[in-house]
Amino acid sequence: MTTIKAYAAYDAETPLRPYSFDRKELGAKQVQIEILYSGVCHSDIHTAKGDWGPAIYPLVPGHEIVGRITAVGSEVTKFKIGELAGVGCFVDSCRTCPSCKSGEEQFCEEGMTGTYNSYERGTKIPTYGGYSTSITVDEDYTLHISDKLELSAVAPLLCAGITTYSPLRYLKVGKGHKVGVLGLGGLGHMAVKFAVSFGAEVTMLSHSPSKEADAKKLGAHHFALTSDAATMDSLANKFDFILNTVSAKHDYNAYLNLLNTNGTMIIVGVPTAPAEIPAITLILKRRKIMGSLIGGIAETQEMLDYCAEHNITSDVEVIDMSYINEAYERMNKSDVKYRFVIDMASLK
Ligand SMILES: [Zn+2]
Ligand SMILES: [Zn+2]
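Only a predicted model underlies this, so the values are computations on that prediction, with no experimental measurement involved. The written sequence of each chain sets the order in which its residues are numbered from 1. For this description, chains carry letters from A and ligands carry numbers from 1, given in the order in which they are written. The predicted origin of the model limits local features to residues at a pLDDT of at least 70 and limits the giving and counting of side-chain atom pairs to 80 or more, whereas totals for whole chains, interfaces and linings rest on all residues. As a convention, hydrogens and water are excluded, and side-chain values are obtained from all of the structure's heavy atoms.

## Focus on the coordination of the zinc ion (ligand 2)
For clarity, the cut-off: Listed donor atoms are N, O and S within 2.8 Å of the metal (Na, K and Ca: 3.2 Å). As water is not included, a site may look incomplete. Relative accessibility thresholds used throughout: buried, under 20% of the residue-type maximum; exposed, over 50%; partly exposed, between the two (1.4 Å probe, protein chains only).
Distances from the zinc ion (ligand 2) to its protein donors, Cys 94 (SG), Cys 97 (SG), Cys 100 (SG) and Cys 108 (SG), fall within 2.3 to 2.4 Å. Spacing between the donor residues of the zinc ion (ligand 2) along the chain follows C-x2-C-x2-C-x7-C. Side by side, Cys 97 and Cys 100 carry an identical accessibility label, which is buried.

## Regarding the domain arrangement of the protein
As a reminder, the rule being used: Boundaries between domains were set according to an automatic or database domain assignment. In this description, contact between two residues means that some pair of their heavy atoms is separated by no more than 4.5 Å. Throughout, buried area stands for the accessible area (probe radius 1.4 Å) lost by two parts on being put together, summed over both. A pairing counts as a salt bridge when a side-chain nitrogen of Lys or Arg comes within 4 Å of a carboxyl oxygen of Asp or Glu. Under the rule applied, a polar contact is a pair of N or O atoms within 3.5 Å (in protein, one hydrogen donor and one hydrogen acceptor; residues adjacent in sequence only if both atoms are side-chain atoms). For this scheme, ten residues count as nonpolar: Ala, Val, Leu, Ile, Met, Phe, Trp, Tyr, Cys and Pro. Four count as charged, namely Asp, Glu, Lys and Arg, and the remainder, Gly too, count as polar.
What the domain assignment reports for the protein is domain 1 (2–158 + 314–347) and domain 2 (161–291). Placing a centre on the C-alpha atoms of domain 1 and another on those of domain 2 gives a separation of 29 Å. On the side of domain 2, 10 residues touch domain 1, which itself brings 8 residues to the contact. When domain 1 packs against domain 2, close to 910 Å² is buried across both sides, 54% of that on carbon and sulfur atoms. At the boundary of domain 1 and domain 2, one finds 2 salt bridges. For Lys 193, the salt bridge identified is with Asp 315, shortest N-O distance 2.6 Å. Put simply, domain 1 and domain 2 have 7 residue pairs in polar contact (both at pLDDT 80 or more) between them. Here the side of domain 1 that touches domain 2 is built from residues that sort into 4 nonpolar, 1 polar and 3 charged.

See below:
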């Protein structure tokens, strides 16, 4: 047993505060990772607050983890002590269902084992996430991390990165495509970077004029002010894809109208209320709406390798662990460009 320092939500109401717990002995196929950086995802806040159902308290959030291997089990073959490693949104799955067998563990029919707010498979041992100094994970659910990139800026790739990379790849987005990105936050800024890198013509769609300079800095070719009726009219039927990252309640219809014939809206933002979508909006142009959920282990590795090769990282603000509650407040006001990342050295 090793005692691990962490920060936890003890209930849905009170601020996160220090916590410690024991991680069990290293399994034969497991690696132990000293966590160096942990990204802060909106899901952390929603889960901690119980917005998506009852949470397992004390809850140690964090599923954008990068660190260094400090120990390996006797049967580990893919990792060595001293190497960099990453952990994303899940740490296990059933491994036998069609989704797992096809490398899309995120759609596991038994449900993936979340990096936090889950139980280790077949037990009542809670999983604890990245707001901690160490994590042990099966090597098959651990990612290789390049030493070419700034590590703090790599952490958010494990959730925000793969969430936007995966659907763009699934739809083979590239040269000749017009892509709109809706919402400029942790997800939106990665969507812009990937879509531009894949060769698409990218427009940032935002209701806030202040986002124009930021969007251009990230590489967006165009900026469209969605609160301007004339701009929206001029963009009708213009996009092949719209990647919708907005998690606040909004009118999907206004944006669906910007899709051309056969256009697809990709939903990755999760508003709590259901959307109302007139069938005719889809029918008249054979438009489609699809959702997408992170990516499997193989695709996450592919994304990390792509980022290392093309020098793509997240734009981050590095914080100390003790700043987490303030960070949550600022995230709720969208006051971060574009991801907080905890320097776990601040907890040691
Ligand atoms: Zn996340
Ligand atoms: Zn499965």
